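In case you want the letters, here they are:
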Amino acid sequence: MKEIFGQFVALFIFFVIFTPLERIFSLRQEQRVFRAGWRTDVIHFLLNRFFIDVFGFIAIIILAIIFRWLINTNLQTVIASQTLWMQFIEAVLIANLCGYWAHRLLHTVPFLWKMHAVHHSSTELDWLASARLHPLDQIFSQALIFVPLYALGFTKEVFGAYLMLSVVHAIFNHSNVRFEFGFLRRIITTPLYHHWHHSNDREAKNKNFAGQFPLLDWLFGTHYLPKNKMPQTYGISEPMPKGYLAQLKFPFKNLLVRK
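Keep in mind it's a predicted model, so treat the numbers as computed, not measured. (Residues numbered from 1 in each chain as written. Predicted model: local features only at pLDDT ≥ 70, side-chain atom pairs only at ≥ 80, totals over all residues. Heavy atoms only, no water.)

Turning to the overall build of the protein, a few remarks are in order. Each helix and strand in the protein was counted, giving 10 helices and zero strands. Relative to the 2.2 N^0.38 estimate, which gives 18 Å for 259 residues, the radius of gyration of the protein is 18 Å and therefore close to what a compact globule would have. Expressed along its principal axes, the backbone C-alpha trace of the protein runs to roughly 55 × 45 × 40 Å. In the protein, which comprises 259 residues, the proportion classed as buried is 44%. A fraction of 75% describes how many contacts in the protein between residues 6 or more apart in sequence connect residues 24 or more apart. As presented, the protein carries roughly 14,100 Å² of accessible surface, and 70% of it is formed by carbon and sulfur atoms. (Helix = DSSP H or I, 4+ residues; strand = E, 2+ residues; numbered from the N terminus. Rg over C-alpha atoms; globule rule 2.2 N^0.38 Å. Buried < 20%, exposed > 50% of the residue type's maximum accessible area, 1.4 Å probe, protein only. Contact = heavy atoms within 4.5 Å. Areas by Shrake-Rupley, 256 points an atom, 1.4 Å probe, with all protein chains shown as cover.)

Oppositely charged side chains are able to pair whenever their charged atoms sit close together. With the rule as written, the count across this model stands at four salt bridges. Ionic pairing is found between aspartate 41 and arginine 132, a salt bridge with its closest N-O pair at 2.6 Å. Placement of aspartate 41 in helix 2 (residues 38–66) and of arginine 132 in the loop between helix 5 (110–120) and helix 6 (135–152) is noted, with a sequence separation of 91 residues between them. Connected through salt bridges with shared partners, the residues Arg35, Asp41, Asp126 and Arg132 form a single ionic network. (Salt bridge = Lys/Arg side-chain N within 4 Å of Asp/Glu carboxyl O.)

This paragraph deals with helix 8 (residues 191–198). Burial of helix 8 is extensive: seven of the eight residues sit out of reach of the surface. Burial in helix 8 covers these residues: Pro191, Tyr193, His194, His195, Trp196, His197 and His198. Packing partners of the buried residues in helix 8 comprise helix 4 (84–108), helix 5, helix 7 (156–174) and helix 9 (214–219).

Quick look at the packing of aromatic side chains now. Applying the stated rule across the entire model yields 21 aromatic pairs. Here the aromatic rings of phenylalanine 18 and tryptophan 127 are separated by 6.3 Å at their centres, their planes lie at 20°, and the arrangement is stacked. Residue phenylalanine 18 is located in helix 1 (residues 2–24), and its partner tryptophan 127 is located in the loop between helix 5 and helix 6; the two are separated by 109 residues in the primary sequence. The buried category is assigned to phenylalanine 18, whose relative accessible area is 6%. (Phe/Tyr/Trp six-rings, centres within 6.5 Å; stacked < 30°, edge-to-face > 60°.)

It is worth spelling out the confidence of the model for the protein at this point. In this model, the protein carries an average pLDDT of 90, and 97% of its residues clear a pLDDT of 70 or more. Here helix 2 stands out as the element of the protein with the lowest mean pLDDT, 84, in contrast to helix 9, whose mean of 97 is the highest. (pLDDT = per-residue confidence, 0-100.)

On the basis of relative accessible area, arginine 132 is assigned to the buried category, the value being 7%. Residues arginine 132 and valine 118, spaced 14 residues apart in sequence, show a C-alpha to C-alpha distance of 6.8 Å. When residues no more than four places from it in sequence are discounted, the contact partners of arginine 132 are Arg35, Gly37, Asp41, His44, Val118, His119, Ser121, Ser122 and Gln247. For arginine 132, the side chain forms a polar contact with the side chain of serine 121, separated by 3.0 Å. (Polar contact = N/O pair within 3.5 Å; in protein donor to acceptor, adjacent residues only side chain to side chain.)

The buried fraction of helix 5 is high, at nine of 11 residues. For helix 5, the full list of buried residues reads Leu112, Trp113, Lys114, Met115, His116, Ala117, Val118, His119 and His120. Taken together, the buried residues of helix 5 touch helix 2, helix 4, helix 6, helix 7, helix 8 and helix 10 (244–249).

Moving on, we come to a nonpolar patch on the surface. A cluster of nonpolar side chains, namely Phe50, Val54, Phe55, Phe57, Ile58, Ile61, Ile62, Ile65, Ile66, Phe67, Trp69 and Leu70, defines an oily patch on the protein surface of about 1,200 Å² accessible area. Since its relative accessible area comes to 47%, isoleucine 62 is described here as partly exposed. (Patch = residues over 30% accessible without salt bridge, like charges linked within 9 Å, V, L, I, M, F, W, Y side chains within 5 Å.)

Let us now look at the nonpolar core. Soluble, globular proteins show a tendency: their nonpolar side chains are buried together. Ile145, Phe146, Leu149, Phe154 and Tyr162 are the most contacted members of the largest nonpolar core, which has 14 residues in total. Broken down by secondary-structure element, the contributors of at least two residues to this core are helix 4, helix 6 and helix 7. The biggest single contributor to this core is helix 6, with five residues. Counting residues in hydrophobic clusters, the runner-up holds 13 residues, among them Leu11, Val42, Phe45 and Trp127. (Core = buried A, V, L, I, M, F, W, Y, C linked by side-chain atoms within 4.5 Å.)

Attention shifts here to the packing of helix 6 against helix 7. The N-to-C vectors of helix 6 and helix 7 enclose an angle of 155°; their axes lie 11 Å apart at closest approach. The angle between the axes of helix 6 and helix 7 places the two elements in the roughly antiparallel class. Relative to helix 7, helix 6 is oriented so that their crossing is right-handed. Between helix 6 and helix 7, the contacting residues are Ile145, Phe146, Leu149 and Tyr150 on the first element and Phe159, Tyr162 and Leu163 on the second. Grouping the constituent residues of the contact of helix 6 with helix 7 by class yields seven nonpolar, no polar and no charged. (Axes fitted to C-alpha atoms, helices over the stretch in contact; angles between N-to-C directions. Parallel < 35°, antiparallel > 145°, perpendicular 65-115°, else oblique. Left-handed = near helix turned anticlockwise from the far one by under 90°. Nonpolar A, V, L, I, M, F, W, Y, C, P; charged D, E, K, R; others polar.)

The next subject is unusual backbone geometry. Glycine aside, the phi torsion of most residues is negative, and most peptide linkages are trans. Within the chain, asparagine 208 stands out as a residue other than glycine whose phi angle is a positive 60°. Mapped onto the fold, asparagine 208 is located in the loop between helix 8 and helix 9. One non-glycine residue, asparagine 228, adopts positive backbone phi at about 55°. Following the sequence through the fold, asparagine 228 ends up in the loop between helix 9 and helix 10. Since its relative accessible area comes to 86%, asparagine 228 is described here as exposed.

Structural data, given as structure tokens:
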């Protein structure tokens with residue numbers, strides 16, 4: 001109950017912050033605040049955290065046990081003895097590299113794509129669309145990110161700081177805002193950059209996997225940010241059920257579905 005209350009508080013705070021931003025600096029001015037699917041996304045926002053925390057913790061513990069042979073206590077001691085700022089910078093870089101490949105696998109492995117397709121099914125993007133996630137999708141991604149960080153010995157404070165950064169940045173990158181950020185868009189991912197990742201336009205398919213650093217997409221050949229152009233369509237080519245429970249069941253039905 002306490003966690004659900006916390007999610008209600010977070011939902012209210014993000015609504016108060018992002019709704020005015022999306023009204024004043026709209027990327028798509030015609031898009032409504034309460035657009036299609038918003039009720040389902042609110043349920044995702046409120047309930048997914050519980051499933052991800054419980055089952056994600058179990059998955060990470062299991063993986064940590066399986067790969068415990070990779071743990072080097074001397075290396076862990078060296079990393080933990082660094083300043084929190086140095087640890088944080090290193091953790092962000094490592095997490096982004098692991099996150100890039102986790103995200104790319106979600107798009108290229110058929111069953112993983114079925115889970116990730118829930119997130120990509122939004123045909124209109126705003127801050128709340130970031131919450132539409134299958135819990136198994138997030139458990140998979142977080143396991144591939146947090147197990148390496150745990151094995152390397154980063155402190156819990158660094159884990160918490162990175163998690164907060166990644167959540168807020170992800171919500172911002174889904175938001176319906178037109179900020180361009182000048183030269184900074186070459187250094188960090190921006191809403192327009194991530195909107196291209198959600199585009200259903202043919203030329204944008206399987207592009208822009210990076211969480212925070214576009215350089216990763218450039219290095220691995222998946223960078224796409226055309227000048228003076230916006231995505232024409234969002235979503236996926238196959239129908240997605242509208243209700244929360246139906247979307248949780250979606251990956252387990254018709255496993256032959258493709259992007």
